Amino acid sequence: MRSFLRVFLLGIFLLVIGYFGACVGLKDSTSEMGQALNKFNVLVKEEPRYVKVDNSKAVDEDGYGNYDYTLTSYDQKGQKHPIKFTGMGKLKEGHYL
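Residue numbering note: each chain is counted from 1, following its sequence as written. The predicted origin of the model limits local features to residues at a pLDDT of at least 70 and limits the giving and counting of side-chain atom pairs to 80 or more, whereas totals for whole chains, interfaces and linings rest on all residues. For the side-chain quantities, the full set of heavy atoms in the structure was used; hydrogens and water were omitted.

### What about the overall build of the chain?
Part 1 of the reasoning: Scanning the chain from terminus to terminus reveals two helices and three strands.
Part 2 of the reasoning: Helix and strand assignments follow DSSP, with helices taken as H or I runs no shorter than four residues and strands as E runs no shorter than two, numbered in order from the N terminus. Order of helices (α) and strands (β) in the chain, N terminus to C terminus: α-α-β-β-β.
Part 3 of the reasoning: The C-alpha atoms of the chain give a radius of gyration of 19 Å, which is well past the 13 Å a tight globule of 97 residues would have.
Part 4 of the reasoning: Reported as C-alpha extents along the three principal axes, the dimensions of the chain are approximately 65 × 35 × 15 Å.
Part 5 of the reasoning: The cut-offs for exposure are 20% and 50% of the maximum accessible area for each residue type, with area from a 1.4 Å probe on protein chains only; residues under the lower value are buried, those over the upper are exposed, and the others partly exposed. Looking at the 97 residues of the chain, the share that counts as buried comes to 19%. We compute the radius of gyration from the C-alpha atoms alone; for a globule the expected value is 2.2 Å times N to the 0.38, where N is the number of residues.

Have a look at this one:
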């Protein structure tokens, strides 16, 4: 019975360590998987971010007018964060989101 409890607690401990390791590693990830996992990341706070549209960095990968933007956003403290999003058509140059 004690060996089962030890294995169980060790498994829980490894899961917690793995979760926090993933949280740290994926905090500012712009990949699809990183964004999906960051919904459950305790280290990522929902806070407003501000970005200025730069169409020179817009890419129409699918050919249907959906432009993918990879830009630098800023939080209220002025710290930089990478951001990736898709616009339905080209967004107005120089506008703030």
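### Regarding a nonpolar patch on the surface
Part 1 of the reasoning: On the surface, Phe4, Leu5, Phe8, Leu9, Ile12, Leu15, Val16, Tyr19, Phe20, Val24, Val42 and Leu43 cluster together to form a nonpolar patch covering roughly 1,200 Å² of accessible area.
Part 2 of the reasoning: Overall, the relative accessible area of 47% leaves Leu5 in the partly exposed class. Here the term patch refers to residues with relative accessible area over 30% and no salt bridge, with like charges joined within 9 Å and nonpolar side chains (Val, Leu, Ile, Met, Phe, Trp, Tyr) within 5 Å. Note on areas: Shrake-Rupley, 1.4 Å probe, and residue coverage restricted to the protein chains presented here. Salt bridge, as applied in this entry: a Lys or Arg side-chain nitrogen positioned within 4 Å of an Asp or Glu carboxyl oxygen.

### Thoughts on the environment of Gly21
Part 1 of the reasoning: By the element assignment, Gly21 lies in helix α1 (residues 2-25).
Part 2 of the reasoning: We classify Gly21 as partly exposed; its relative accessible area is 44%.

### Structural notes on the packing of aromatic side chains
Part 1 of the reasoning: In this analysis, rings of Phe, Tyr and Trp, with Trp reduced to its six-membered ring, are considered paired at centre separations within 6.5 Å, and the interplanar angle assigns stacked below 30 degrees, edge-to-face beyond 60, and tilted for intermediate values. Counted by the stated rule, this structure contains three aromatic pairs.
Part 2 of the reasoning: Ring centres 6.4 Å apart and planes at 20° place the aromatic pair Phe4 and Phe8 in the stacked group. One end of the pair is Phe4 and the other is Phe8, both in helix α1 and four residues apart, which spans about a single turn.
Part 3 of the reasoning: Looking at Phe8, the relative accessible area reads 46%, which means it is partly exposed.

### Structural notes on the nonpolar core
Part 1 of the reasoning: Here the nonpolar core consists of buried residues drawn from Ala, Val, Leu, Ile, Met, Phe, Trp, Tyr and Cys, with membership extended through side-chain atoms lying within 4.5 Å. By size, the foremost hydrophobic cluster in this structure holds seven residues: Val51, Val53, Ala58, Tyr67, Tyr69, Leu71 and Phe85.
Part 2 of the reasoning: The dominant element in this core, judged by the number of residues it contributes, is strand β2 (residues 66-74), at three residues.
Part 3 of the reasoning: Residues count as neighbours in contact if any of their non-hydrogen atoms are within 4.5 Å of one another. With residues up to four places along the chain from it excluded, the contact list for Ala58 reads Tyr67, Asp68 and Tyr69.

### Regarding the pattern of salt bridges
Part 1 of the reasoning: Enumeration according to the criterion identifies one salt bridge in this entry.
Part 2 of the reasoning: For the salt bridge of Arg49 with Glu47, the shortest nitrogen-to-oxygen distance reads 3.3 Å.
Part 3 of the reasoning: Take Glu47: its relative accessible area is 36%, and that puts it in the partly exposed class.

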